[in-house]
Amino acid sequence: MTTVLITGASAGLGEAFARGFAAKGCDLVLVARSEDRLAAVAERLGREFGVRAEVLPADLLDTADLAAVAERLADRGRPVDVLVNNAGFGLPAPFPYNPVEDEERMLDLLVKVPLRLTHAVLPGLRERRRGAVLNVSSVAGLLPTGTYGAAKAWVTAFSESLRVDMAPYGVRVLAVVPGFTRTEFQERAGMDVSALRDAVWLEPDDVVDRALRDLALRRPVSVTGLRYRAYALAARHLPRTFVARRMARERRAPAGRD
């Protein structure tokens, strides 16, 4: 039986990943700050799919909590076969206008935390010569989009490099690169997304379905939707500022649209 540990599992993409893996019969270790919300997700998935769902409440920006999750990943007696690094948050304003402490916290959660947790799980995966790491990145990492985009660019590059290092051990690594997805992310960040076209939005289950297919096919990067795959291709071959301006124009709703 495969066991999957998912960070940020109480809502949004994390909950969708939990549901997607549970549907495949995988046991779960669910990590997030809210124990009540985690317990509700665990109870619901256990009832629906008959899997075991362990609840591990943790604030990953707290040193002791992060260490506890890393210890769970390294536990040879209760092996974790798949790690999904999904926890994250954004900020409402560009870099110059945010408190530097908030920028540092975001950078820690998006870069330091997945680095630490991946390092904890890898020895067991190498030893068993199977398993996977999924790192949730973003199309923001393809374009010049402040600290958040820079951190997500690191996540994608880190995943692609790690994939090469782990291939001889049979360990798969996938960078999941979603665009705008209907979750609590934007609301929690205080972002005004009212002007975004409906066409730019993705559903969490669609992102997860695509990611699990790409994982099975051993692809390095998973991008959901023709629109975002086109952006990813353009970002690799055209000037990044051109792609960023074009993307900004296309995602805005026409004037006067609700």
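The following refers to the structure shown. (Residues numbered from 1 in each chain as written. Predicted model: local features only at pLDDT ≥ 70, side-chain atom pairs only at ≥ 80, totals over all residues. Heavy atoms only, no water.)

The next subject is the pattern of salt bridges. On inspection of all chains with the given rule, the structure shows twelve salt bridges. Residues R47 and E43 are paired through a salt bridge, measuring 2.5 Å at the closest nitrogen-oxygen approach. Taken as a pair, R47 and E43 lie in helix α2 (residues 35–49) at a separation of four residues, close to a single helical turn. Judged by its relative accessible area of 46%, E43 is partly exposed. With its nearest N and O atoms 3.7 Å apart, the salt bridge here joins R78 to E54. Highlighted residues: R78 in the loop between α3 (63–74) and β4 (82–85) and E54 in strand β3 (residues 53–57), separated in sequence by 24 residues. Here R78 falls in the partly exposed class, since its relative accessible area comes to 41%. Several salt bridges converge on common partners, so that one network encompasses E54, R72, D75 and R78. (Salt bridge = Lys/Arg side-chain N within 4 Å of Asp/Glu carboxyl O. Helix = DSSP H or I, 4+ residues; strand = E, 2+ residues; numbered from the N terminus. Buried < 20%, exposed > 50% of the residue type's maximum accessible area, 1.4 Å probe, protein only.)

So, about the side chain of N86. The topology assignment puts N86 in the loop between β4 and α4 (100–128). At 3.1 Å, the side chain of N86 forms a polar contact with the backbone oxygen of G8. The contact partners of N86, leaving out residues within four places of it in the chain, are T7, G8, L13, G14 and V136. (Polar contact = N/O pair within 3.5 Å; in protein donor to acceptor, adjacent residues only side chain to side chain. Contact = heavy atoms within 4.5 Å.)

If you walk across this open sheet you meet the seven strands as β3-β2-β1-β4-β5-β6-β7, and the pairing is parallel. At either margin of the open sheet sits one strand with a lone partner, and together these are β3 and β7 (221–222). Note: strand β1 (residues 3–7) against β4, three bridges, orientation parallel. When the sheet's bridge partners are listed, L5 is paired in β4 with L83. On the sheet, helix α1 (residues 12–23) packs against β1, β2 (27–32), β4, β5 (132–136) and β6 (172–176) and is oriented at approximately 170° with respect to β1. Relative to the sheet, α4 contacts β1, β4 and β5, its axis offset from that of β5 by approximately 170°. (Pairing = 2+ DSSP bridges. Axes fitted to C-alpha atoms, helices over the stretch in contact; angles between N-to-C directions.)

By the element assignment, T147 lies in helix α5 (residues 146–166). Judged by its relative accessible area of 18%, T147 is buried. With near-sequence residues (within four places) excluded, T147 lies in contact with F95, E103, M106 and L107.

It is the contact of α1 with helix α7 (residues 204–216), at a shortest axis distance of 9 Å, that shows an interaxial angle of 50°. The angle between the axes of α1 and α7 places the two elements in the oblique class. By crossing handedness, the relation of α1 to α7 is classed as right-handed. For the pair α1 and α7, the contacting residues are G12, L13, A16, F17, R19, G20 and F21 in the first and P204, D205, V207, V208, A211 and L212 in the second. Within the contact of α1 with α7, the residues separate by chemical class into nine nonpolar, two polar and two charged. (Parallel < 35°, antiparallel > 145°, perpendicular 65-115°, else oblique. Left-handed = near helix turned anticlockwise from the far one by under 90°. Nonpolar A, V, L, I, M, F, W, Y, C, P; charged D, E, K, R; others polar.)

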